[in-house]
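Read off the chains here:
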Amino acid sequence: MQNKAEQIMSKKGFIKAEMDKVFPKEQSDRLWNDATVKLSEYLRKYESLPKGVHTHTDSRIFPSSAIYLTIKPILGEDAAYKVIEDAAIAGCVGIQAKLARLMRVPGMKSLFVKMWDPMTKKIFGSSCGFQNVFYPNKKGEYRMDVTECPYSRYFTELGCPEITKIFCGNDDRIYGNLPGLEFIRTGTLGRGADRCDFCLRIRNN
């Protein structure tokens, strides 16, 4: 599992960059190695999870938990949280910018909204550890609720439920300011609500 952990961490340079801002380089490198070992332990512990769940745990939940819980005893909760949050913000910038450009292509907004139904059921459905309420499709609008979420579950199991909010916020960062689209959300599991509601619709004006 150590090799797999190292491969995963090699793709998390945007988090390492935030660590390098708050730690001397030698200490940052040492803590990164410690987090990699911790990640390896998580991968071994949860090896038997369904494949769909692994798409979320292995790429996001476990590495973020490992890094956060490694630096938290040194920085304290608030500063450690900020490292993970700042990395998430940086990681979303390029995705949001790419989507914003795509939404300016004629017909793309409608296609983007339509694709959410099949995409959600494949990537954010029950096979991936989510439980959902799906609403009837309306022209120019997509709605669903998430009532159970692997992010909330495994961040909590690993002892860092507070960073679930960061990943809730990624939806706001990516979808909240797309040209011609409106993203509506009133609450998330990670922020204490009983569900994560998700509504994406084409603006009328």
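See the structure above.
No experiment lies behind these values; they were computed from the predicted model shown. (Residues numbered from 1 in each chain as written. Predicted model: local features only at pLDDT ≥ 70, side-chain atom pairs only at ≥ 80, totals over all residues. Heavy atoms only, no water.)

Concerning the overall build of the protein chain
Scanning the protein chain for helices and strands turns up 8 helices and 4 strands. Starting at the N terminus and ending at the C terminus, the protein chain contains elements arranged as α-α-α-α-α-α-β-β-α-α-β-β. Scaling as 2.2 N^0.38, a compact globule of 205 residues should have a C-alpha radius of gyration of about 17 Å, and the protein chain matches this with 18 Å. Each principal axis of the C-alpha distribution contributes one length, and for the protein chain these read about 55 × 35 × 30 Å. (Helix = DSSP H or I, 4+ residues; strand = E, 2+ residues; numbered from the N terminus. Rg over C-alpha atoms; globule rule 2.2 N^0.38 Å.)

Considerations on the pattern of salt bridges
The full count for this structure, using the stated rule, is 16 salt bridges. A salt bridge links Lys25 to Asp29; the nearest nitrogen and oxygen atoms lie 2.9 Å apart. Here the residue Lys25 and the residue Asp29 both occupy positions in helix 3 (residues 25-45), the gap between them amounting to 4 residues, near one helical turn. A salt bridge links Arg195 to Asp194, with the shortest nitrogen-to-oxygen separation between them at 3.6 Å. Exposure remark for Asp194: the relative accessible area of 58% places this residue in the exposed category. The network of salt bridges with common partners includes Lys16, Asp20, Lys25 and Asp29. (Salt bridge = Lys/Arg side-chain N within 4 Å of Asp/Glu carboxyl O. Buried < 20%, exposed > 50% of the residue type's maximum accessible area, 1.4 Å probe, protein only.)

With respect to the sheet that holds strand 2 (residues 141-148)
The strand order across the open sheet built from 4 strands is 1-2-4-3, with neighbouring strands paired in antiparallel fashion. Across the chains shown, the open sheet's two edge strands, defined by having one partner strand only, are strand 1 (131-134) and strand 3 (181-184). Along the sheet, successive strands turn relative to each other by an average axial angle of 20 degrees, direction set aside. Sheet topology note: the strand 2/strand 4 (residues 196-202) ladder contains 6 bridges and is antiparallel. For Met144, the partnering residue across the bridge sits in strand 4 and is Phe198. (Pairing = 2+ DSSP bridges. Axes fitted to C-alpha atoms, helices over the stretch in contact; angles between N-to-C directions.)

Regarding the nonpolar core
Ranked by internal contacts, the top residues of the largest apolar core, which has 58 residues, are Phe62, Phe112 and Tyr175. Broken down by element, this core gets its largest block of residues, 9 residues, from helix 5 (residues 77-102). The contacts of Tyr175, once residues within four sequence positions are left out, are Leu99, Phe112, Trp116, Phe183 and Phe198. (Core = buried A, V, L, I, M, F, W, Y, C linked by side-chain atoms within 4.5 Å. Contact = heavy atoms within 4.5 Å.)

Observations regarding the pairing of strand 3
Burial along strand 3 is one-sided: the residues Leu181 and Phe183 are buried and none of Glu182 and Ile184 is. Across 4 bridges, the pairing between strand 3 and strand 4 is antiparallel. Bridging from a neighbouring strand, Glu182 pairs with Arg201 of strand 4.

Structural notes on the packing of aromatic side chains
Scanning the model with the defined rule gives 18 aromatic pairs in all. Each ring, one from Tyr175 and one from Phe198, has its centre 6.0 Å from the other, and the planes form 75 degrees; the classification is edge-to-face. Pair noted here: Tyr175 is in helix 8 (residues 164-175) and Phe198 is in strand 4, with a separation of 23 residues, a long-range link. Taken as a pair, Tyr175 and Phe198 share a single burial class, namely buried. Three or more aromatic residues link up through ring pairs in this structure, and these residues are Phe112, Trp116, Tyr142, Tyr175, Phe183 and Phe198. (Phe/Tyr/Trp six-rings, centres within 6.5 Å; stacked < 30°, edge-to-face > 60°.)

Notes on the packing of helix 4 (residues 51-75) against helix 7 (residues 150-157)
In contact at an axis separation of 10 Å, helix 4 and helix 7 are set at 40 degrees when each is read in the N-to-C sense. Put simply, helix 4 runs oblique to helix 7. Note on packing geometry: the crossing formed by helix 4 with helix 7 is right-handed. Contacts between helix 4 and helix 7 involve Val53, His56, Thr57, Arg60, Ile61, Phe62, Ser64 and Ser65 on the former and, on the latter, Pro150, Tyr151, Tyr154 and Phe155. For the contact of helix 4 with helix 7, the class distribution of residues is 7 nonpolar, 4 polar and 1 charged. (Parallel < 35°, antiparallel > 145°, perpendicular 65-115°, else oblique. Left-handed = near helix turned anticlockwise from the far one by under 90°. Nonpolar A, V, L, I, M, F, W, Y, C, P; charged D, E, K, R; others polar.)

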